[in-house]
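# Topology and contacts: notes
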Amino acid sequence: MRLLSIYLLLCCQCAIAADALSLPDWSGVWERFEGNGGIFDPSTVEPKDGRAGSPGVRQYPPLTDVWEARYKANLALAAKDRLPDPISFCGTPAGFPRLLALPDVYEFIVRPEQSWIITENGPNIMRIYTDGRDHPLPEEMWPTFTGDSVGHWEGQTLVFTTVSMIGEKKTVLDRSGLTLSDQASVSTRMFMTEEGLLRAELTIDDPVALREPWHVVRHFRKLPDGTRVYDYACAENNRNPITEFGQTLTLDADGNTIDIVIDNKQSN
Amino acid sequence: MRSILSRCRIAITIVVAVSVIGFVPASGPAMAHHSSAMFDKSLVRQESAIVREFQWTNPHVWIQVYIENESGEQEEWSIEGGGPNSLFRKGWRPSSFNAGDVIEIKFNPMLDGSRAGFFVGARLADGRTLGAW
């Protein structure tokens, strides 16, 4: 019996090793290829070089009328610097799918049973289970920033679905005020292009916020070998507190507010 | 320090950057961890300054500098930069600025006129430059 157990264990380990050899090489350090202005969906942003949160800059996902109205209201607040980005409080992660559109760098770690997306900014850690498990039962899930991701490999393509994301209550997709509901789900395909970019194709479904599936594509480019990743400790020296009315302030080196003009009323 | 400022001071230059000078990216400051709405991204102010302190910290670096005002008085300004991680990968170092360094610095000033700005570029005492110069 003992010999049989050892034999089975070795077989299992050999199978995992063989699986590992068949996985693509996504090692190294990467950065987002497009959307340097923080825009989540570069394909629908207008104007094309617009920055998220700047007046007159928006995207055109297939929002329902109700959520289009919400987006317009958020756009108006963002243009007046009265729609704080949740991550600007230095307390919560960006969450998925926004974590595919962050500044700073990325690591993509693939294993047969699980893959990780690690973002320096935040930081965010996303776990994608590929060991055959399914999403938890509804009564065993609650909305989280990164949600629950399960998937599999189709050749060199990582295919996974993400559900149970926290949505508009605590996250935005970018500083234009674009949001999804906590009923959203995302189907993602990630693979290396012939040009050496890592490509993420997202199909976003949201029975509450979207009229139809929303397709978003993002790319990542590899940085030179030897590039290091560092701590991102947002609360270390955050000199930009946000008022109860949403205005971002600036502190001097002694912690005193520099701003001359500070709103003390709720913005409409 | 006052005499150093007097010797090195250049005329305050406020440049309408987008239309006159091509060194400012059209997209404005690199994405900060917070809103950049408080900065006038259409203007670049250039000053001669003396470094008081360089804060190499997350989520952003800060350069505390003394700038002489029109009355000849020294005023402390807070110049905010990007995150140390990304700046390091662009060639910045924790020792890029040191107390007492005499530099020229360009920044997007605050819209409300308060003494702060977002870093655009700097020329160090040894002639090296950082950022857009």
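Predicted model, so just to flag it, every value in this text is computed and none were measured.

Glancing now at the overall build of chain B. Along chain B, the regular secondary structure elements total three helices and seven strands. Reading chain B from its N terminus to its C terminus gives the helix and strand order α-β-α-β-β-β-α-β-β-β. Counting only residues that meet the buried cut, chain B has 43% of its 133 residues in that class. By sequence separation, contacts in chain B at least 24 residues apart represent 56% of the contacts at least 6 residues apart.

Below, the discussion takes up the overall build of chain A. What chain A contains, in helices and strands, is two helices and nine strands. Element order for chain A, N to C, with α for helix and β for strand: α-β-α-β-β-β-β-β-β-β-β. Summarising its shape, the C-alpha atoms of chain A cover approximately 75 × 45 × 40 Å along the three principal directions. In chain A, which comprises 268 residues, the share counted as buried stands at 38%. Here the contacts in chain A between residues at least 6 apart in sequence split such that 51% fall between residues at least 24 apart.

In this structure, Trp30, Leu99, Tyr106, Phe108, Ala184, Leu198 and Ile204 of chain A are the most contacted members of the largest nonpolar core, which totals 43 residues. At the level of secondary structure, the elements contributing two or more residues to this core comprise helix H2 (65-79), strand E2 (105-110), strand E4 (124-129), strand E7 (185-192), strand E8 (198-205) and strand E9 (214-222) of chain A. For Phe108 of chain A, the contacting residues outside a window of four places in its chain are Trp26, Trp30, Ile117 and Leu198 of chain A. By size, the runner-up hydrophobic cluster in this structure holds 25 residues, among which are Val61, Ile67, Leu87 and Phe97 of chain B.

What follows concerns the interface of chain A and chain B. Listed per partner, the contact involves 34 residues of chain A and 26 residues of chain B. Broken down by class, the residue content of the side of chain A that touches chain B amounts to eleven nonpolar, eleven polar and twelve charged.

A turn of α-helix holds 3.6 residues, and therefore any two residues three or four places apart point the same way. All names here are of chain A. Along its 15 residues, H2 runs 21 Å from first to last C-alpha, staying within 8% of the 21 Å computed at 1.5 Å per residue. Within H2 the residues assigned to the buried category are Trp67, Tyr71, Asn74 and Ala78. The buried residues of H2 occupy an angular sector of 65° when projected down its axis, which confines them to one face. Facing away from the buried surface of H2 by more than 90 degrees, the exposed residues are Asp65, Val66 and Ala69. One or two positions beyond H2, positive phi appears at Asp81, with a value near 60°.

Residue and element names in this part refer to chain A. Pairing in this closed barrel of nine strands is mixed, and the strands run E1-E2-E3-E4-E5-E6-E7-E8-E9 around the ring. Adjacent strand axes in the sheet meet at a mean angle of 30°, parallel and antiparallel pairs treated alike. Sheet topology note: the E2/strand E3 (residues 114-119) ladder contains five bridges and is antiparallel. Across the sheet, Glu107 pairs through a bridge with Ile118, a residue of E3.

What follows deals with the domain arrangement of chain A. Residues and elements named next belong to chain A. Domain annotation of chain A identifies domain 1 (30-222) and domain 2 (239-268). The gap between the C-alpha centroids of domain 1 and domain 2 is 29 Å. Each partner contributes to the interface: domain 1 provides eight residues, whereas domain 2 provides seven residues. A breakdown of the residues in the side of domain 1 that touches domain 2 according to their chemical character gives four nonpolar, one polar and three charged.

Residue and element names in this part refer to chain B. Of the pairings in the sheet, the one linking strand E3 (residues 62-68) to strand E4 (residues 74-80) comprises seven bridges and is antiparallel in character. Bridging across to E4, Ile63 finds its partner in Ile79. Adjacent in sequence and paired antiparallel, E3 and E4 are bridged by five residues, among which Gly72 carries a positive phi angle near 85°. With three bridges connecting them, E4 and strand E6 (residues 116-123) associate as parallel partners. Considered in E6, the bridge of Glu80 is made with Phe118.

All names here are of chain B. Taken residue by residue, chain B gives an average pLDDT of 83. The fraction at 70 or more is 77%. Low pLDDT (under 50) marks residues 1-28, which in the prediction has 46 contacts with non-local residues, meaning those over four places away or in another chain. Interface confidence for the predicted complex, expressed as ipTM, amounts to 0.86; the pTM equals 0.87.

Here we come to the environment of Asp126 of chain B. Residue position: Asp126 of chain B is located in the loop between E6 and strand E7 (129-131). When the C-alpha atoms of Asp126 of chain B and Gln46 of chain B are compared, they prove to be 18 Å apart, with 80 residues separating the residues in sequence.

A word on the pairing of E3 of chain A. All names here are of chain A. The alternating pattern of E3 places Ser115, Ile117 and Thr119 on a buried face and Gln114, Trp116 and Ile118 on a face that is not buried. Hairpin remark: E2 followed by E3, antiparallel, with three residues in the connecting loop. With six bridges connecting them, E3 and E4 associate as antiparallel partners. The residue bridging Trp116 from the neighbouring strand is Arg127, located in E4. Here E3 folds back onto E4, and the loop between the two strands holds four residues, one of which, Gly122, carries a positive phi near 120°.

Thresholds, definitions, all that
- Residues numbered from 1 in each chain as written.
- Chains lettered and ligands numbered in written order.
- Predicted model: local features only at pLDDT ≥ 70, side-chain atom pairs only at ≥ 80, totals over all residues.
- Helix = DSSP H or I, 4+ residues; strand = E, 2+ residues; numbered from the N terminus.
- Buried ≥ 20, exposed ≤ 12 C-beta atoms within 10 Å, placed from the backbone.
- Contact = placed C-beta atoms within 7 Å.
- Core = buried A, V, L, I, M, F, W, Y, C linked by C-beta atoms within 7 Å.
- Nonpolar A, V, L, I, M, F, W, Y, C, P; charged D, E, K, R; others polar.
- Expected span 1.5 Å × (residues − 1).
- Arc of directions from axis to C-beta.
- Pairing = 2+ DSSP bridges.
- Axes fitted to C-alpha atoms, helices over the stretch in contact; angles between N-to-C directions.
- Domains from an automatic or database assignment.
- pLDDT = per-residue confidence, 0-100.

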